[in-house]
Amino acid sequence: MSITDTAPVPAAHDERGRPVKKRREGANVWLSLLAWIVGILFVLPVVWMVLTSFHSESNAATNPPSVFAPLTLEGYREFFSGGASPWPPLLNSLTASVISTLIVLLLSLPAAYALSIKPVKKWTDVLFFFLSTKMLPVVAGLLPLYLFAQNTGLLDNIWLLILFYTSMNLPIAVWMMRSFLSEVPVEMLEAAQMDGANLTKTLRSVIAPVVTPGIAATALICFIFSWNELLFARVLTATVAETAPVFLTSFVTSQGLFLAQLCAAAFVVSLPVLVAGFAAQDKLVQGLSLGSVK
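Just so we're clear, the structure is a prediction, and the values are computed from it rather than from any experiment.

Criteria and cut-off values
Residues numbered from 1 in each chain as written. Predicted model: local features only at pLDDT ≥ 70, side-chain atom pairs only at ≥ 80, totals over all residues. Heavy atoms only, no water. Helix = DSSP H or I, 4+ residues; strand = E, 2+ residues; numbered from the N terminus. Contact = heavy atoms within 4.5 Å. Areas by Shrake-Rupley, 256 points an atom, 1.4 Å probe, with all protein chains shown as cover. Expected span 1.5 Å × (residues − 1). Buried < 20%, exposed > 50% of the residue type's maximum accessible area, 1.4 Å probe, protein only. Patch = residues over 30% accessible without salt bridge, like charges linked within 9 Å, V, L, I, M, F, W, Y side chains within 5 Å. Salt bridge = Lys/Arg side-chain N within 4 Å of Asp/Glu carboxyl O. Core = buried A, V, L, I, M, F, W, Y, C linked by side-chain atoms within 4.5 Å. UniProt positions renumbered as here; feature names shortened; annotations may be inferred. Phe/Tyr/Trp six-rings, centres within 6.5 Å; stacked < 30°, edge-to-face > 60°. Axes fitted to C-alpha atoms, helices over the stretch in contact; angles between N-to-C directions. Left-handed = near helix turned anticlockwise from the far one by under 90°. Nonpolar A, V, L, I, M, F, W, Y, C, P; charged D, E, K, R; others polar.

Enquirer: Looking at this model, I keep getting lost on the overall build of the protein chain. Mind explaining?
Expert: When helices and strands are tallied, the protein chain shows 15 helices and two strands. Contacts in the protein chain between residues at least 24 apart in sequence constitute 73% of all its contacts with a sequence separation of at least 6. As displayed, the protein chain has an accessible area near 18,100 Å², and 69% of this comes from carbon and sulfur atoms.

So this is what it looks like as structure tokens:
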């Protein structure tokens, strides 16, 4: 064995003579610190809202805020039993969000299949058309939609919200699902065709299991958009189909702002989204990162 075989490889240095590895480690530390700071800034308002919900109205309204004020469940008791029941709006939001999300998934999967695996002619124009539907401000189309609902007798109807939420989320779902389906290996589809599988069986038994993370990510985003929607629900519903975001606005009245009760209500309304996001966090990360690395 020669001397050159046992000699250590010199570490790489930059133009100032500093080791490159140490410089990268230092940059990673600063990036991690910046990520923590940004994360804390995003979470801090939510933590403050939850803390305020456990304060009394007098302590919640103090300026500066009373951070170490005594904790109480008064805001939650008032929310659930103080006035109008919150359960019908919560059930309406859950019904509209879940059903519209399921319909969006059923429609976006074959559409994405046609635009990615079996692309139609001028598929880029089709995708741009889907995206162009999101360029119109919602307020600009609110009056025609209101007149449509009024003439068809669908005002204050939960199925009207389901229809609008489906059409609102479908373009985004098609774009997302197409990026996920474009990563499906062609060999799997060819094998399914050789086995005699039709389109429905291919979508259900071959493609759906592969793109499950993408389906979960798309479903969660559509659910969040539907659950948080306020403008349509505010204008097109009254009492029967009232949703949770509209119910939250009832806490801001001419008699004043009930801050503790409003924070308690906001936290309760946010719980379904938080639970869904926590339950699907692994699939969400996999779905949103699918296709990012070639």
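After that view, the rundown keeps rolling.
Enquirer: Explanation requested: helix α11 (residues 212-228) in the structure shown.
Expert: Helical geometry note: an α-helix holds 3.6 residues per turn, so side chains three or four residues apart project in the same direction. The end-to-end C-alpha separation of α11 is 24 Å, in line with the 24 Å expected for 17 residues at 1.5 Å each. Listed as buried for α11 are Pro-213, Gly-214, Ala-217, Thr-218, Ala-219, Leu-220, Cys-222, Phe-223, Ser-226 and Trp-227.

Enquirer: So what exactly am I meant to see when it comes to unusual backbone geometry here?
Expert: Most peptide bonds take the trans configuration, and most residues that are not glycine carry a negative phi. Of note in this structure, Asp-156 is not a glycine but carries a positive phi near 60 degrees. Considering the arrangement of structural elements, one finds Asp-156 in the loop between α7 (142-151) and α8 (158-181). Note on Asp-156: relative accessible area 17%, which makes it buried.

Enquirer: Honestly, a nonpolar patch on the surface in this entry has me stumped. Any pointers?
Expert: Taken together, the side chains of Leu-31, Leu-34, Val-38, Phe-42, Val-43 and Val-47 make up a nonpolar region of the molecular surface, amounting to roughly 590 Å² of accessible area. Positionally, Val-47 belongs in helix α2 (residues 20-53). A relative accessible area of 45% means that Val-47 is categorised as partly exposed.

Enquirer: For this particular structure, what's the right way to read the nonpolar core?
Expert: General note: in soluble globular proteins, nonpolar side chains tend to be found buried as a group. One finds Tyr-113, Ile-117, Met-177, Leu-181, Ile-207 and Val-211 to be the most contacted residues of the largest nonpolar core, which totals 16 residues. Mapped onto this core, the elements with two or more residues apiece are α5 (87-116), α8, α9 (186-194) and α10 (199-210). For this core, the leading source of residues is α8, giving four residues. Excluding anything up to four places from it in sequence, Ile-207 contacts Tyr-113, Ile-117, Leu-181, Val-184, Leu-189 and Thr-202. The next biggest cluster of nonpolar side chains, apart from the first, holds 15 residues, and it includes Tyr-165, Met-168, Phe-232 and Val-246.

Enquirer: What is the right way to read the UniProt feature "transmembrane region" (unreviewed entry) in the protein chain from this model?
Expert: As annotated in UniProt, the feature "transmembrane region" (unreviewed entry) corresponds to residues 29-51, 94-115, 127-146, 158-181, 202-227 and 258-280 in the numbering used here. Each end of residues 127-146 is marked by a C-alpha atom, and these two atoms are 28 Å apart; helix forms 55% of the span and strand 0%. Within residues 202-227, the helical portion is 96% and the strand portion 0%, while the C-alpha atoms at the span's ends are 32 Å from each other.

Enquirer: Teacher, can you tell me more about the packing of aromatic side chains here?
Expert: The geometry of two aromatic rings is summed up by the distance between their centres and the angle between their planes. Enumeration over the complete set of coordinates arrives at nine aromatic pairs. Seen from their ring centres, Phe-129 and Phe-130 are 6.3 Å apart, and the 50 degrees between their planes marks the pair as tilted. Residue classification places Phe-129 among the exposed positions, given a relative accessible area of 53%. On the basis of relative accessible area, Phe-130 is assigned to the buried category, the value being 19%. Clustering of aromatic rings is evident, with ring pairs tying together Phe-79, Phe-80, Trp-87, Phe-247 and Phe-251.

Enquirer: Would you mind showing me how to read the environment of Pro-89 here?
Expert: Within the fold, Pro-89 resides in helix α5. Sequence separation between Pro-89 and Leu-248 is 159 residues, and the spatial gap between their C-alpha atoms is 9.6 Å. Contact partners of Pro-89, with chain neighbours within four places excluded, come to Glu-242, Thr-243, Ala-244 and Phe-247.

Enquirer: Explanation requested: the packing of α5 against α8 in the structure shown.
Expert: Running from N to C, α5 and α8 cross one another at 35 degrees; their axes reach a closest spacing of 6 Å. Where α5 crosses over α8, the two elements pack in a sense that is right-handed. Class assignment for the residues of the contact of α5 with α8 results in 19 nonpolar, seven polar and one charged.

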